[in-house]
Amino acid sequence: MEIIIEPIIRQAAPGLKVVTIEADVDNSPTPQALIDELQAAAEKIKSTYELSMINKRPAVAATRKAYKALGKEPNRYRPSSEALCRRIVKDMGLYYINSLVDLINVVSIASGYSIGGFDVDKISGDTLTLGAGREGEDFEGIGRGALNIASMPVYRDMTGGVGTPTSDNERTKLDLTTKRLLMCINIYGEEMPAEETVELSKSLLKKYCNATNLLVKIYE
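Thresholds applied
The residue numbering used here restarts from 1 in each chain and proceeds along that chain's sequence as written. Whole-chain, interface and lining totals are the exception, using all residues; otherwise, since this is a predicted model, local features are given only for residues with pLDDT of at least 70 and side-chain atom pairs are given and counted only at 80 or more. As a rule here, side-chain values cover all heavy atoms of the structure and leave hydrogens and water aside. Where helices and strands are cited, they refer to DSSP runs of H or I of at least four residues and of E of at least two residues respectively, numbered from the N terminus. Only protein chains enter the accessibility calculation, which uses a 1.4 Å probe; a residue is then buried when its area is under 20% of its type maximum, exposed when over 50%, and partly exposed in between. Between two residues, a contact is recorded if the distance between any of their heavy atoms is within 4.5 Å. Working rule for helices: expected span equals 1.5 Å times residues minus one. The arc refers to the directions leading from the helix axis to the C-beta atoms. The rule is short: rings of Phe, Tyr and Trp, with Trp giving its six-membered ring, pair when the centres are within 6.5 Å, and they are stacked under 30 degrees, edge-to-face over 60, tilted in between. One bridge is not enough; two strands pair if DSSP finds at least two bridges between them. Identification of polar contacts relies on pairs of N or O atoms within 3.5 Å, with a donor-acceptor requirement for protein atoms, meaning one able to donate a hydrogen and the other able to accept it, and with residues adjacent in sequence counted only if both atoms are side-chain atoms. What makes a nonpolar core is a set of buried Ala, Val, Leu, Ile, Met, Phe, Trp, Tyr and Cys residues whose side-chain atoms join them at distances within 4.5 Å.

Visitor: Which parts of the structure should I look at to understand the overall build of the protein chain?
Guide: The number of helices and strands found in the protein chain is six helices and ten strands. Dimensions of the protein chain, computed from the C-alpha atoms along their principal axes, are close to 40 × 40 × 35 Å. In the protein chain, buried positions account for 53% of the 220 residues. Taking the intrachain contacts of the protein chain between residues at least 6 apart in sequence as the baseline, contacts between residues at least 24 apart amount to 77%.

Shown next as C-alpha cells:
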C-alpha cells in the first residue's frame, strides 16, 4: 500500500508524519496475556494523567490542533487516542475486541497517537489518500454508525473513506478473518519517538499475531 498526503492536510498539519506497518498476521480472540498488557498500559495512564490533562498530551494536542485547522471541533469528535485515555481515567472500563485491535490500542495508549488498523484485503486498490472529509460524505464508523467526517482528516481508497483519527470504517475493519494488516500511525506531533513506536508495534504483532513479512514505510 502507498499513502498520498493531500496539500490541504500538509497545510493544516505541516509536521505530520505517517508511519505504516504492513504484515501477514494470524488474528485471534484476545488472549489473557494481551489483556494484561492493555490493563498495564491503562494503569500507567491513570497514574500519570488527570482527566483535564489528557488533551494536553503532545500527540493528542497536535491531533486536535490539526482538527481545528481543518475546521473540525475536537471536543465533539475526539481523536481515538484521547477518547480511549479519557475512558480509562474515568474508570469506564476497557473493552476487548480481538488481538489486532487490542494490540493497536496498547500502542495508542502508550504513544498518544491515533492509529488506523485496516484489513488490506478489504481496501479497494493499492493506494490510500489522506485528505479532508467533505460535507455529506458517507462514513460508517465502527460501532458508531454514520459519522460526520466533514473537515476531518480521512484516508480514502478507491471506494471512499476507510479511516479517520476519530474512527475507522466498518467496511475495512479488522476481524478474525484478517490475514493482511495495514497500520497507519498518525504522528501529528511527536510524543513517543517514531522508531520506538514502530518497535513496540512490531514486537506485539509478532508476539500475539505471528506477524511475518513486516514492511515499514514513513511518509513526512
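Structure's up, so let's keep going.
Visitor: Can you help me understand helix α2 (residues 32-48) in this one?
Guide: Think of an α-helix as turning once every 3.6 residues; residues three or four places apart then point the same way. Over its 17 residues, α2 extends 24 Å from the first C-alpha to the last, a length consistent with the 24 Å expected when each residue adds 1.5 Å. Within the sequence span of α2, burial applies to Leu34, Ile35, Leu38, Ala41, Ala42 and Ile45. Seen along its axis, α2 keeps its buried residues to an arc of 125°; they face one direction. Facing away from the buried surface of α2 by more than 90 degrees, the exposed residues are Gln32, Lys44 and Ser47. The elements touched by buried residues of α2 are α4 (80-89), α5 (99-111) and α6 (194-209).

Visitor: Looking at this model, I keep getting lost on the packing of aromatic side chains. Mind explaining?
Guide: Any two aromatic rings considered together are summarised by their centre-to-centre distance and by the angle between their planes. The final tally for this structure, using the stated rule, is one aromatic pair. Residues phenylalanine 118 and tyrosine 155 carry aromatic rings whose centres are separated by 6.3 Å and whose planes lie at 65° to one another, so their mutual orientation is edge-to-face. Residue phenylalanine 118 is found in strand β3 (residues 114-119), and its partner tyrosine 155 is found in strand β7 (residues 153-156); the two are separated by 37 residues along the sequence. Across the pair, exposure class does not vary: phenylalanine 118 and tyrosine 155 are buried alike.

Visitor: What's the story with the pairing of β7 in this structure? I'm lost.
Guide: Remark: a regular strand shows side chains that alternate across the two faces of the sheet. Of the two faces of β7, the one carrying Pro153 and Tyr155 and the one carrying Val154 and Arg156 are both buried. Relative to β7, strand β4 (residues 127-132) runs antiparallel, the two being bridged by four bridges. Its bridge partner lying in β7, threonine 129 is registered against arginine 156. Pairing of β7 with strand β8 (residues 161-163), which is carried by two bridges, proceeds in the antiparallel orientation. Following the sheet pairing, tyrosine 155 is matched in β8 by glycine 163.

Visitor: Where do I start with the environment of valine 120 in this structure?
Guide: Relative to the assigned elements, valine 120 resides in the loop between β3 and β4. You can call valine 120 buried: its relative accessible area is 15%. Sequence separation between valine 120 and methionine 183 is 63 residues; the distance between their C-alpha atoms is 9.6 Å.

Visitor: Hey, could you run me through the side chain of arginine 156 in this one?
Guide: The residue arginine 156 is located in strand β7 in this model. In this structure the side chain of arginine 156 is engaged in a polar contact, spanning 2.6 Å, whose partner is the backbone oxygen of alanine 132. Apart from the residues within four sequence positions on either side, arginine 156 is in contact with Thr127, Leu128, Thr129, Gly131, Ala132, Gly133, Arg134, Glu137, Gly161 and Val162.

Visitor: Help me understand the nonpolar core in this model?
Guide: Generally speaking, a soluble globular protein has its nonpolar side chains buried in company with each other. Counting residues in each nonpolar core, the largest one holds 36 residues, and the members touching the most others are Val25, Leu100, Leu103, Leu181, Met183, Ile185 and Leu205. The set of elements that each furnish at least two residues to this core consists of β2 (17-24), α2, α4, α5, β9 (180-187) and α6. In contact with leucine 103, other than residues within four places in its own chain, are Leu34, Leu204, Leu205, Tyr208 and Cys209. If you look at the next biggest cluster of nonpolar residues, it comprises 23 residues, including Leu16, Leu70, Val120 and Leu128.

Visitor: Could you clarify how one ought to interpret α4 in this entry?
Guide: Of all ten residues in α4, seven are buried; the element is thus mostly enclosed. Listed as buried for α4 are Ser81, Glu82, Leu84, Cys85, Arg86, Ile88 and Val89. On the buried face of α4, the contacting elements are α2, α3 (58-70), α5 and β3. Backbone geometry just downstream of α4 places aspartate 91 in the positive-phi region, at approximately 55°.

Visitor: I tried to follow unusual backbone geometry on my own but got confused; where do I start?
Guide: Trans is the prevailing form of peptide bonds, just as negative phi is the prevailing case for residues other than glycine. Backbone geometry places aspartate 91, a non-glycine residue, at a positive phi of 55°. The topology assignment puts aspartate 91 in the loop between α4 and α5. With relative accessibility at 56%, the residue aspartate 91 sits in the exposed group. At asparagine 213, a residue that is not glycine, the phi angle is positive and equals roughly 55°. Secondary-structure assignment places asparagine 213 in strand β10 (residues 212-219).

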